[in-house]
Amino acid sequence: MAQISLRVDDDVKRGAERALNDIGLSMSTAINVFLRKVAREGRIPFELSADPFYSESNIRYLEGIMQDVKDGKAHFAEHDLIEVD
């Protein structure tokens, strides 16, 4: 197995690590996935992006809402459907 060493801007690395963490991939796994697809398809094959819905902060927020529901603290009200054109 080969080893690759590369240099990347510190801010780019930190941003990539945060995004990959949200996706559930390590930096090494993400690079291997990318390189395998490039080798197989002979092109830049795809785009991966972090879905903000699954970010740690949003998961904590949703868990808090669920706890409020369980504790009877959440208040729901019926409302008309809002349609956006």
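Further up the page is the structure itself.
What you see is a predicted model; the values in this text were computed from it and never measured. (Residues numbered from 1 in each chain as written. Predicted model: local features only at pLDDT ≥ 70, side-chain atom pairs only at ≥ 80, totals over all residues. Heavy atoms only, no water.)

1. Some details on the overall build of the protein
1) Next: The secondary structure content of the protein amounts to three helices and zero strands.
2) Next: Going from the N terminus to the C terminus, the protein shows its helices and strands as α-α-α.
3) Next: For the protein, whose C-alpha radius of gyration is 20 Å, the value lies well above the compact-globule estimate of 12 Å for 85 residues.
4) Next: Counting every atom, the protein has about 8000 Å² of accessible surface; 54% of that belongs to carbon and sulfur.
5) Next: Taken as two groups, the 11 positive and 16 negative side-chain charges of the protein have centres that lie 13 Å from each other. (Helix = DSSP H or I, 4+ residues; strand = E, 2+ residues; numbered from the N terminus. Rg over C-alpha atoms; globule rule 2.2 N^0.38 Å. Areas by Shrake-Rupley, 256 points an atom, 1.4 Å probe, with all protein chains shown as cover. Lys, Arg positive; Asp, Glu negative; His and termini not counted. Charge placed at Lys NZ, Arg CZ, Asp CG, Glu CD.)

2. Side note on the packing of aromatic side chains
1) Next: Considering all chains together, one arrives at one aromatic pair under this definition.
2) Next: A ring pair is formed by Phe 53 and Tyr 54, whose centres lie 5.0 Å apart and whose planes are at 85°; its orientation type is edge-to-face. (Phe/Tyr/Trp six-rings, centres within 6.5 Å; stacked < 30°, edge-to-face > 60°.)

Keep in mind that these numbers describe shape and distance, not what the molecule does.
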